[in-house]
Amino acid sequence: MHILYIVGRELGYTRNDVLLRAFRRLGTVQVIGETSAGSLSLRIGRVLMRALPYLLTQRYDLIFVGFYGHLLMLPIGLLARSPILFDAFVSTYDTLCFDRGLFAPRSIVGRFAFWLDQTSCRRADMVLLDTRAHADYFVRTFALPRDKVGFLPVGCDEDIFFPRPHVKRDNITRILYYSTYLPLHGVETVVRAAALLRSEQRLHFRLIGTGPEYVRVRQLVNALRLENITFVPFVPLQDLAIEIAHADICLGGHFGSSEKATRVIAGKTFQCIAMNKPTIVGDNAANRELFQHGHDAWLCQMNDHEALAEAILHLTDSPDLCFQLGNNARQTFLERASIQIVSNQLDKIVKSLIG
């Protein structure tokens with residue numbers, strides 16, 4: 001099988017990386033993408049210019065357009081001479097107009113974002129999302145045929161995220177949360193949960209990352225005079241795995257209030273459960289596709305700092321439960337989201353496209 005693999009975001013982005021690993025199990029892959037971050041529009045322009053000769057002169061069994069590929073799909077959908085599998089992964093319209101609230105849905109930008117999502121999906125032979133709930137949203141919102149929209153779990157890099165020994169050196173329970181501080185992540189909910197638990201000197205929160213809401217969250221922590229939170233800048237994946245290994249409880253999220261937060265499973269969640277960690281996640285349709293409350297994760301009411309504080313305290317006081325959650329989480333990952341599972345599911349999707 002010969003596959004042309006094109007992505008707009010960097011190749012190392014978790015979704016792109018996992019799917020590239022899966023495709024390489026299925027056949028020969030010609031990769032067109034970039035490794036560095038930077039201006040998305042410039043990167044997409046460069047990727048498209050590199051892709052055009054392959055699209056015009058070569059024949060492939062399948063063309064895969066990965067995240068972020070909406071703008072790439074506009075010309076590729078017209079030029080391609082092979083079936084196209086498009087990993088939409090996110091809705092531009094939902095992200096700009098509802099999740100981040102930057103533009104009104106009926107504004108010029110909102111209308112363009114809707115058209116871009118719908119057109120890019122309609123030009124593909126098959127559209128991928130990350131959960132059934134997210135796939136249902138695309139079908140309903142952009143009037144796509146249900147049999148044209150599938151889903152694959154995000155997974156993670158299993159060469160980095162795997163169970164590691166955890167030696168507890170003191171009586172402190174370390175709660176880990178890392179994010180890019182987007183609204184759907186709900187970092188404020190984590191901070192306010194920490195505020196409720198400030199008298200519990202055995203608990204300490206470690207917040208890793210930066211992003212749009214970082215400054216506001218830091219200001220909130222300062223205003224609340226919290227001493228049970230340590231902020232850590234962005235760390236590379238190798239170091240992130242070490243941070244997870246040292247944590248006692250991981251917060252997978254999402255804990256925000258946006259509807260998008262209810263349709264997706266956070267990438268960090270897969271990394272934490274792959275490492276055998278007891279993980280608290282938002283109680284939503286997407287997470288319930290993967291988890292059973294109290295079996296392989298602890299599901300918590302979203303956008304509710306009191307519920308999150310209660311969940312953290314309960315797990316802290318229940319070491320046996322944490323042990324069971326971690327072990328079962330690892331098993332769920334192996335059975336539902338490992339690279340082997342993603343590859344097998346992707347193989348079925350590809351074969352349905354190319355016959």
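Our structure's up above, just so we're on the same page.
All values derive from a computational prediction rather than experimental measurement.

Thresholds applied
- Residues numbered from 1 in each chain as written.
- Predicted model: local features only at pLDDT ≥ 70, side-chain atom pairs only at ≥ 80, totals over all residues.
- Heavy atoms only, no water.
- Helix = DSSP H or I, 4+ residues; strand = E, 2+ residues; numbered from the N terminus.
- Buried < 20%, exposed > 50% of the residue type's maximum accessible area, 1.4 Å probe, protein only.
- Contact = heavy atoms within 4.5 Å.
- Patch = residues over 30% accessible without salt bridge, like charges linked within 9 Å, V, L, I, M, F, W, Y side chains within 5 Å.
- Areas by Shrake-Rupley, 256 points an atom, 1.4 Å probe, with all protein chains shown as cover.
- Salt bridge = Lys/Arg side-chain N within 4 Å of Asp/Glu carboxyl O.
- Disulfide = S-S within 2.5 Å.
- Phe/Tyr/Trp six-rings, centres within 6.5 Å; stacked < 30°, edge-to-face > 60°.

Things to note about unusual backbone geometry
Alright, step 1. Here the residue pair Phe67 and Tyr68 is connected by a cis peptide bond, since its omega of -10° sits within 30 degrees of zero.
Alright, step 2. Looking at the secondary structure, you find Tyr68 in the loop between strand S3 (62-66) and helix H3 (70-79).
Alright, step 3. Backbone torsion omega between Gly253 and His254 reads -10°, so that peptide bond is classified as cis.
Alright, step 4. The backbone of Phe89 shows a phi angle near 65°, a positive value even though the residue is not glycine.
Alright, step 5. Structurally, Phe89 is set in the loop between strand S4 (84-87) and helix H4 (92-99).
Alright, step 6. Here Phe89 falls in the buried class, since its relative accessible area comes to 10%.
Alright, step 7. Unusually for a residue other than glycine, Asn276 sits at a positive phi of about 75°.
Alright, step 8. Here Asn276 lies in the loop between helix H11 (267-274) and strand S11 (279-282).

A word on the environment of Glu289
Alright, step 1. Locating Glu289 in the fold gives a position in helix H12 (residues 285-290).
Alright, step 2. A C-alpha to C-alpha distance of 39 Å links Glu289 and Leu52, two positions 237 residues apart in sequence.
Alright, step 3. With residues up to four places along the chain from it excluded, the contact list for Glu289 reads Thr131, Arg132, Ala133 and Arg336.

Quick word on a nonpolar patch on the surface
Alright, step 1. A cluster of nonpolar side chains, namely Leu56, Leu78 and Leu79, defines an oily patch on the protein surface of about 300 Å² accessible area.
Alright, step 2. Tracing the chain through its elements places Leu78 in helix H3.

Remarks on the state of the cysteines
Alright, step 1. Tallied over the entire structure, the rule returns zero disulfides.
Alright, step 2. With no disulfide of its own, Cys97 has Cys121 as its nearest cysteine by sulfur position, at a separation of 15 Å.
Alright, step 3. For the unlinked cysteine Cys250, the closest cysteine sulfur is that of Cys272, found at 3.7 Å.
Alright, step 4. The class for Cys250 is buried, based on a relative accessible area of 0%.

Focus on the packing of aromatic side chains
Alright, step 1. Counted by the stated rule, this structure contains 18 aromatic pairs.
Alright, step 2. Ring centres of Phe67 and Phe89 lie 5.0 Å apart, and the angle between their planes is 70°; on these two criteria the pair is classed as edge-to-face. You can see Phe67 sitting in the loop between S3 and H3 and its partner Phe89 sitting in the loop between S4 and H4, a full 22 residues away along the chain.
Alright, step 3. Taken together, a centroid distance of 5.1 Å and an interplanar angle of 50° make the contact between Phe114 and Phe142 tilted. With Phe114 in helix H5 (residues 108-122) and Phe142 in helix H6 (residues 132-142), this residue pair connects regions lying 28 residues apart in the sequence.

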